[in-house]
Every structure is written in C-alpha cells, then in structure tokens.
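# Tertiary structure, described
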Amino acid sequence: MQTRTQPPKVCRLAAFLLMFWVSLGASAQAPGAGPVLIVTYVEANPAKGVALGADLHAYAAQIENGPDKPRVTVLREFGRPNRMVILERWPDSSSPGFAKSESDLAARLQLDVLAPMDRRVNHPLTPPVPQMASTAFVVLMHIDMSVAGPAALKVLQAQRDSVLAAPGILGYEDAVQD
C-alpha cells in the first residue's frame with residue numbers, strides 16, 4: 001500500500017505519474033474477467049479527514065493481504081486532506097474478493113463520508129509503467145471523449161508516448177471506464 005500526502009520538493013517535480021481514465025463510449029471494453037483498475041473518490045467532513053484516512057488504509061491493508069493480492073494506493077488531495085482517492089489494481093475481476101470489495105469499502109466508510117463514494121471501474125488500455133517512488137506526486141486525470149474508436153486510441157497513445165518521453169517519469173497508467 002502506498003500513500004501520497006506531502007507535495008514534492010521543487011527539485012523532484014520531474015518525477016511524476018500520470019494516470020488517464022477515459023470514457024470512450026460504445027467502443028469501451030466490455031466488462032468481464034481480466035485486470036481492473038478501480039478509482040474511488042471519497043470525501044469526509046474536514047473534521048473527519050484523519051478518520052477517513054485511517055479507514056482507507058485499513059481497507060487497503062485488508063484487501064492487499066487477501067487471496068487476490070490487488071495493489072492499492074491511497075491518495076490525499078493537497079490542501080484538502082479530507083478528500084481522497086483509493087486506486088485498486090485487481091489482477092482479475094472474476095475473483096471473489098473483487099466482487100465484495102465495494103460493499104466492504106462502503107461499510108467501512110459509512111460513518112466518515114460527507115457524500116456518497118464515487119467508485120469507477122476501469123479496464124487498462126496498456127500495461128502500467130513500473131511503480132512510482134515515494135517522492136513522486138500523482139496527476140490524476142479523467143477525460144471524456146465524444147469520438148470513440150481507433151482515432152481516439154491514437155490520440156491517447158500519442159499522449160502516453162509524449163509523457164513517457166519526459167525526463168524523470170516514474171510511471172503511467174491509462175484505462176477505459178465501464
């Protein structure tokens with residue numbers, strides 16, 4: 001489990017991870033077995049931000065130590081420590097742990113959240129680039145595209161190639177939302 005809570009020093013700004021979550025409409029991969037990237041946005045009352053963080057870390061530890069072994073990253077928004085994102089990288093969406101993970105998380109967060117959690121199931125477009133270092137910061141981006149198909153995928157591939165060419169890049173993931 002990884003957590004990002006402090007902004008990087010200026011000398012480390014070249015080290016970053018860019019993630020894409022793309023809505024491609026009808027051409028999106030059909031749900032089914034295979035790897036899944038879940039992005040869940042949660043927000044607590046500012047006074048309960050610490051409790052929310054503890055709940056997310058406990059959930060992450062619980063599922064990471066389960067039989068399915070997903071990779072989990074907890075992100076905290078700079079300047080708003082009560083707003084967080086949990087990224088779950090499941091190796092297979094047909095596993096029993098994956099099926100019950102949403103209800104487990106909802107039950108754990110019930111008392112701490114300010115608004116309903118926003119859980120988005122995504123399917124990786126390309127294999128992820130290796131793990132980020134602890135000094136990295138994350139750019140989380142969601143893109144809605146009105147044009148789906150090969151042309152949209154070409155644009156995304158060009159963006160990926162451009163980002164991966166930047167000095168100091170530590171990782172990159174892109175996925176299509178159900």
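About the thresholds
- Residues numbered from 1 in each chain as written.
- Predicted model: local features only at pLDDT ≥ 70, side-chain atom pairs only at ≥ 80, totals over all residues.
- Heavy atoms only, no water.
- Salt bridge = Lys/Arg side-chain N within 4 Å of Asp/Glu carboxyl O.
- Buried < 20%, exposed > 50% of the residue type's maximum accessible area, 1.4 Å probe, protein only.
- Helix = DSSP H or I, 4+ residues; strand = E, 2+ residues; numbered from the N terminus.
- Contact = heavy atoms within 4.5 Å.
- Polar contact = N/O pair within 3.5 Å; in protein donor to acceptor, adjacent residues only side chain to side chain.

## Topic: the pattern of salt bridges
Tallied over the entire structure, the rule returns 5 salt bridges. Note that Arg 80 and Glu 77 form a salt bridge whose closest N and O atoms lie 3.5 Å from each other. Accessibility expressed as a relative area gives 32% for Glu 77, which makes it partly exposed. Here Arg 83 and Glu 77 are joined by a salt bridge, their closest N and O atoms 2.9 Å apart.

## Digging into the side chain of Ser 95
Here Ser 95 shows up in the loop between strand S5 (80-90) and helix H2 (96-109). For Ser 95, the residues in contact, after removing those within four places along its chain, are Asp 68 and Trp 90.

## A few points about unusual backbone geometry
Positive phi is not limited to glycine here, since Lys 69 has a value of about 55°. Here Lys 69 shows up in the loop between helix H1 (49-64) and strand S4 (71-77).

## Brief notes about the side chain of Thr 73
Among the structural elements, Thr 73 can be located in strand S4. There is a polar contact of 3.2 Å between the side chain of Thr 73 and the side chain of Arg 89.

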